[in-house]
Amino acid sequence: MVTSGIGARPENTRPGVLARRPLTWFFLIAFAGAWIVEAPVVLSRTGTGLLPYTLPPLVVVLLIAAATFTGPTVAAFVMARATEGRDGPKRLLRRYVMWRVKVRWYLFVLLVFPATEVLGAIVLPGVAASAQPLTIGLAAGYPLAFVTTFVLGGPLGEEPGWRGFALPRLQAVCGPLGGGSLLGVMWALWHLPLFWSGVWTPLSVPNVVMFILMITLLTILMTWVYNNVGGSLLITMLMHASFNTFADKVVGPLFPAPVLDEYALLPELVGFGVAAVVVVVATRGRLSYTGGRGSSEAGPAVVPT
């Protein structure tokens, strides 16, 4: 284990209101911070009449990016300060640059993991037959798309909250599988306003259900990776950017099958589902977690390796 002091309060101090229910307050701040920023986009797209105008696409993108940083990131740093004192935010920041992990984890999050999306696609009816050749333009544009996604597409703004603050505490309270699954559901629900943004997957009941299932399975996989890299946020950010970019810039263009026009999440749902089952069975549900369950929301004192 790598001692990190996560959840440890300064000595001789009494917990404040936020520190008494850190997970509850974290999710409240994360949801409110994002949904308030996204509200203009949603209200302009749903025909409510409250904001009867169409926002330019650039404004929509910027609002969504702002929601990312005003939600989980703000919540993480506020709660780290409330629960761990002045050193809490510093410890969180240090995990942004934890790059000293085994090379195989870089290979996994950048190459092996996105390959599950391709496997999840080609087993679907009619998808393999729609395959297009990989172009030089697509390959050349991938690095820039990856960097853009890393900064504005969620990883940099979300991971400090989901994996940086919430996951270690949820694992301590609910165990790795239970904590990871609960975080997956909360993470998925946090994204719901984006279905009304006009720039995301088409809004339908099947797509919403698939999204919640897919994110939950993904979170189980990310929990396993997190536990194996000592809680490095850099690795989880890279993993987050990897599957997002690969889905948008590789799987979509290479497999323009009609079924993916309507249900674009199917490759991820299938690929992540198979991978999650393999990991859960191989680790007997422990997801490489070496800590134990706690009895409160205080959070663990360590980040497992």
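Residues numbered from 1 in each chain as written. Predicted model: local features only at pLDDT ≥ 70, side-chain atom pairs only at ≥ 80, totals over all residues. Heavy atoms only, no water.

> Talk me through helix α6 (residues 136-152); I want residue IDs and the actual numbers.
The terminal C-alpha atoms of α6, which comprises 17 residues, lie 25 Å apart, in line with the 24 Å expected from a rise of 1.5 Å per residue. Most pronounced at Y142, the bend in α6 amounts to some 35°, and the proline P143 follows within four residues. Among all positions of α6, only L138, Y142, A145, F146, T149 and F150 are buried. Buried residues along α6 sit against α5 (103-122), α7 (155-190) and α9 (233-254). Phi turns positive, to about 130°, at G154, one or two residues after α6. (Helix = DSSP H or I, 4+ residues; strand = E, 2+ residues; numbered from the N terminus. Expected span 1.5 Å × (residues − 1). Bend = angle between axes of the 7 residues up to and from the residue. Buried < 20%, exposed > 50% of the residue type's maximum accessible area, 1.4 Å probe, protein only. Contact = heavy atoms within 4.5 Å.)

> So, the nonpolar core: which residues are in play, and what are the values?
In this structure, F26, F27 and V225 are the most contacted members of the largest nonpolar core, which totals 78 residues. Setting aside anything within four residues of it in sequence, one finds V225 in contact with W105, F108, V109, I235 and M239. (Core = buried A, V, L, I, M, F, W, Y, C linked by side-chain atoms within 4.5 Å.)

> Break down unusual backbone geometry for me, citing the residues and quoting the values.
Positive phi, close to 55°, is recorded for R284, a residue that is not glycine. Summarising the element assignment, R284 is placed in the loop between α11 (266-282) and β2 (302-303). Residue R284 is classed as exposed on the basis of its relative accessible area, which comes to 79%. At L287, a residue that is not glycine, the phi angle is positive and equals roughly 50°.

> Please give an account of the pattern of salt bridges that cites residues and values.
Under the counting rule described, the total for this entry stands at three salt bridges. Residues E84 and R91 are paired through a salt bridge, measuring 3.1 Å at the closest nitrogen-oxygen approach. Of the two residues examined, E84 and R91, each falls in the buried class. (Salt bridge = Lys/Arg side-chain N within 4 Å of Asp/Glu carboxyl O.)

> So what's going on with the confidence of the model for the protein chain? Which residues, and what values?
As a general rule, the predicted coordinates of low-pLDDT regions are not to be interpreted in detail. Per-residue confidence for the protein chain averages 88 on the pLDDT scale, and 88% of its residues sit at or above 70. Across residues 295-305, where pLDDT falls below 50, the model places 44 contacts with residues more than four positions away in sequence or in other chains. (pLDDT = per-residue confidence, 0-100.)

> Give me the side chain of E117: which residues, what numbers.
Within the element layout of this structure, E117 appears in helix α5. The side chain of E117 sits in the buried core without any salt bridge; K249 is the nearest counter-charge, 13 Å away. Setting aside residues up to four positions removed in sequence, E117 forms contacts with S242, F243, F246, A247, V251, P267, E268 and F272. (Lys, Arg positive; Asp, Glu negative; His and termini not counted.)

> Residues and numbers for α7, please.
In a regular helix each residue adds 1.5 Å, so 36 residues correspond to 52 Å; α7 covers only 14 Å between its end C-alpha atoms and thus falls short of that length. The largest bend in α7 comes to about 120°, at G175, with the proline P176 one to four residues further on. The buried count for α7 comes to 26 of 36 residues, which makes it a mostly enclosed element.

> Describe the packing of α7 against α9, with residues and values.
Interaxial distance between α7 and α9 falls to 10 Å at its minimum, and their mutual angle equals 100°. With respect to α9, the axis of α7 lies roughly perpendicular. Contacts from P155, L156, E158, E159, P160, R163, G164 and W187 in α7 reach L233, T236, M237, H240, A241 and F243 in α9. (Axes fitted to C-alpha atoms, helices over the stretch in contact; angles between N-to-C directions. Parallel < 35°, antiparallel > 145°, perpendicular 65-115°, else oblique.)

> Tell me what's going on with the environment of P193, and back it up with residues and numbers.
Among the structural elements, P193 can be located in the loop between α7 and α8 (205-228). With 154 residues separating them along the chain, P193 and A39 place their C-alpha atoms 7.9 Å apart. Not counting residues within four places of it along the chain, the set of residues in contact with P193 comprises W35, E38 and V42.

> Explain the packing of aromatic side chains residue by residue, including any values.
If you walk through the whole model with that rule in mind, you get 17 aromatic pairs. Here the aromatic rings of W162 and W190 are separated by 5.4 Å at their centres, their planes lie at 80°, and the arrangement is edge-to-face. Across the pair, W190 and W162 agree in class, each one buried. These aromatic residues form a ring-pair network of at least three members: W105, F108, F113, W224, F243 and F272. The positively charged end of R163 is found above the aromatic ring belonging to W187, 4.4 Å away from the centroid. Stacked on the ring of F165, the Lys or Arg R169 has its end atom at 3.8 Å from the ring centre. (Phe/Tyr/Trp six-rings, centres within 6.5 Å; stacked < 30°, edge-to-face > 60°. Lys NZ or Arg CZ within 6 Å of the ring centre and 35° of its normal.)

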